[in-house]
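Read off the chains here:
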Amino acid sequence: MNVERYYKKAYLDLPSDESERKIEIEKFEKVVKMADKLLDVDTSEMQTYEITSELISPLRDDEIKESTDRELIFANTQHREYGYFKLDNIMED
């Protein structure tokens, strides 16, 4: 697993200190392995349940407000396209 690639895609930096970097990579790999184990659990024989609530959430009235200036929102990013934040595809593996 190329942890550095995932960090780069998420615009995160690994620690520069080699021992801290190793610890960070090990933690990341451990989390991914646990997630993989969850995905491997066979749930085909499990009965599904729906949890519903009797609570009623009243709707609030819409209020028209000034929007935040788009240029201010994008001031700290280089990753924009067509007026939206541009994200990299990380699901290639």
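In this report, we go over the structure that sits alongside the text. (Residues numbered from 1 in each chain as written. Predicted model: local features only at pLDDT ≥ 70, side-chain atom pairs only at ≥ 80, totals over all residues. Heavy atoms only, no water.)

What follows covers the overall build of the chain. For the chain, the helix and strand inventory stands at three helices and two strands. Relative to a compact globule of 93 residues, whose C-alpha radius of gyration would be 12 Å, the chain shows 21 Å and is clearly more extended. Principal-axis analysis of the C-alpha atoms places the extent of the chain at approximately 55 × 50 × 25 Å. Burial statistics for the chain: of 93 residues in total, 8% are counted as buried. Long-range contacts, defined here as pairs at least 24 residues apart, represent 37% of the contacts in the chain between residues at least 6 apart. Accessible surface, the chain: about 9,800 Å² in total, of which carbon and sulfur atoms supply 52%. Charged side chains in the chain number 14 positive and 24 negative. The centres of these two groups are separated by 5 Å. (Helix = DSSP H or I, 4+ residues; strand = E, 2+ residues; numbered from the N terminus. Rg over C-alpha atoms; globule rule 2.2 N^0.38 Å. Buried < 20%, exposed > 50% of the residue type's maximum accessible area, 1.4 Å probe, protein only. Contact = heavy atoms within 4.5 Å. Areas by Shrake-Rupley, 256 points an atom, 1.4 Å probe, with all protein chains shown as cover. Lys, Arg positive; Asp, Glu negative; His and termini not counted. Charge placed at Lys NZ, Arg CZ, Asp CG, Glu CD.)

Next up on the list: the environment of threonine 52. As for its placement among the helices and strands, threonine 52 is situated in the loop between helix H2 (18–40) and helix H3 (70–73). Note on threonine 52: relative accessible area 62%, which makes it exposed. Separated by 48 residues in sequence, threonine 52 and glutamate 4 have C-alpha atoms that sit 42 Å apart.

Attention now moves to the pattern of salt bridges. Pairing between side chains becomes possible if they bear opposite charge and their charged atoms approach one another. Per the stated rule, a full pass over the model turns up three salt bridges. A salt bridge links glutamate 4 to arginine 21, with the shortest nitrogen-to-oxygen separation between them at 3.0 Å. Of this pair, glutamate 4 sits in helix H1 (residues 3–9) while arginine 21 sits in helix H2, placing them 17 residues apart in sequence. Taking the relative accessible area as the measure of exposure, glutamate 4 reaches 41% and is therefore partly exposed. Here glutamate 71 makes a salt bridge to arginine 80, at a shortest N to O gap of 3.4 Å. Here glutamate 71 falls in the partly exposed class, since its relative accessible area comes to 48%. (Salt bridge = Lys/Arg side-chain N within 4 Å of Asp/Glu carboxyl O.)

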